[in-house]
Amino acid sequence: MKLLVIDIQKGITDERLYNFEHFIQNTVRIINAARQNNVEVIYVQHDDGEGSGFSVGDEDFEIANQVTPLEGEKIFIKTINSCFGNKELTEYLNGEDTLMIVGLQTNFCIDASVKSAFERGFNVVIPAETNSTFSNDYMDGETTYKYYNEMMWPKRFAKCISVDEAIEMLKGKM
């Protein structure tokens, strides 16, 4: 199993996110549990392209302070919603069977990565309240979160479980 931390970047990691405090707290718990149990933590950053304000070298592009990678943890950069658009990451994950996914944003890069992982044969695990998004013109952040985490992904694309169950899984007890 590997833990993918997707797009938790300074420019989008703030109070605009649905359930922001719980999202950060739970995500940090999962990252810490993975590290304590020798589960590799892999970071992915989204690059919107030069001049966008959300690209390599821009402050908003940097990984958010709350989830700073440790020295030696791998970081991959992607330019499309799914993290599997990065060929190096896709090759690196070859042979792995289970991916735990946390990050931003539920209805964009997390959804694309969950479905791409599923299509590639991975067992996908989503701990509760470890992904989030902003409200949009069609749904508020809470409705969007619940749509994916309670309706779209379970029993189709991913195993959606509590943070405590995810930590037990990381410990190898589940």
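Structural data are supplied above this passage.
Scoring rules and cut-offs
All residue numbers refer to positions counted from 1 along the written sequence of the respective chain. Under the rules for a predicted model, residues below a pLDDT of 70 receive no local features and side-chain atom pairs below 80 are neither given nor counted, while totals for whole chains, interfaces and linings still include all residues. The basis for the side-chain values is all heavy atoms of the structure; hydrogens and waters are excluded. A run of H or I in DSSP becomes a helix once it reaches four residues, and a run of E becomes a strand once it reaches two; helices and strands are each numbered from the N terminus. Only protein chains enter the accessibility calculation, which uses a 1.4 Å probe. A residue is then buried if its area is under 20% of the maximum for its type, exposed if over 50%, and partly exposed in between. Residues are treated as being in contact if the distance between any of their heavy atoms lies within 4.5 Å. Comment: arc refers to directions from the helix axis out to C-beta atoms. A helix is expected to span 1.5 Å multiplied by its residue count minus one. By definition, a salt bridge exists where a carboxyl oxygen of Asp or Glu is found within 4 Å of a side-chain nitrogen of Lys or Arg.

Here we look at the environment of tyrosine 43
No. 1: With respect to the helices and strands, tyrosine 43 occurs in strand β2 (residues 40-46).
No. 2: The class of tyrosine 43 is buried, set by a relative accessible area of 2%.
No. 3: C-alpha separation for the pair tyrosine 43 and glutamate 21, spaced 22 residues apart in sequence, amounts to 20 Å.
No. 4: Apart from residues lying up to four places away in sequence, tyrosine 43 is in contact with Val5, Ile31, Arg35, Ile63, Val67, Thr68, Pro69, Glu73, Lys74, Ile75 and Phe76.

With respect to helix α5 (residues 163-170)
No. 1: Val163, Ala166, Ile167, Met169 and Leu170 are the residues of α5 that are buried. The buried residues of α5 occupy an angular sector of 155 degrees when the element is viewed end-on, so they sit on one face.
No. 2: Looking at the packing, one finds that the buried side of α5 touches α1 (20-36), β4 (98-104), β5 (123-127) and β7 (159-161).
No. 3: Glycine 172 sits one or two positions beyond α5 and adopts a positive phi of about 85 degrees.

Quick word on the side chain of aspartate 111
No. 1: Relative to the elements of secondary structure, aspartate 111 occurs in helix α3 (residues 106-119).
No. 2: Residues in contact with aspartate 111, not counting those within four places in the same chain, are Gln105, Thr106, Tyr148, Met152 and Trp153.

Thoughts on unusual backbone geometry
No. 1: Cis rather than trans, the peptide bond between leucine 104 and glutamine 105 has omega equal to -25 degrees.
No. 2: Tracing the backbone shows glutamine 105 in the loop between β4 and α3.
No. 3: Here the phi dihedral of aspartate 7 falls at roughly 60 degrees; this positive angle occurs in a residue that is not glycine.
No. 4: On the secondary structure map, aspartate 7 appears in the loop between β1 (2-6) and α1.

As for helix α4 (residues 141-152)
Each turn of an α-helix holds 3.6 residues, which means side chains three or four residues apart point in the same direction.
No. 1: Taking 1.5 Å of rise per residue, 12 residues should cover 16 Å, and α4 covers 15 Å from first to last C-alpha, within 8% of that figure.
No. 2: Looking only at α4, the buried set comprises Gly141, Thr144, Tyr145, Tyr148, Asn149 and Met152. Here the buried residues of α4 occupy an arc of 125 degrees about the axis, which is enough to place them on one side.
No. 3: For α4, the secondary structure elements touched by its buried residues are α3, β5, β6 (131-132) and β7.

A short note on the pattern of salt bridges
No. 1: Summed over all chains, the structure comprises 10 salt bridges.
No. 2: Put simply, lysine 10 and glutamate 59 hold a salt bridge, and the shortest N to O gap is 2.9 Å. Residue lysine 10 is found in the loop between β1 and α1, and its partner glutamate 59 is found in the loop between β2 and β3 (75-78); the two are separated by 49 residues along the sequence.
No. 3: Here lysine 10 falls in the partly exposed class, since its relative accessible area comes to 28%.
No. 4: Of the residues examined, glutamate 59 reaches a relative accessible area of 51% and is grouped as exposed.

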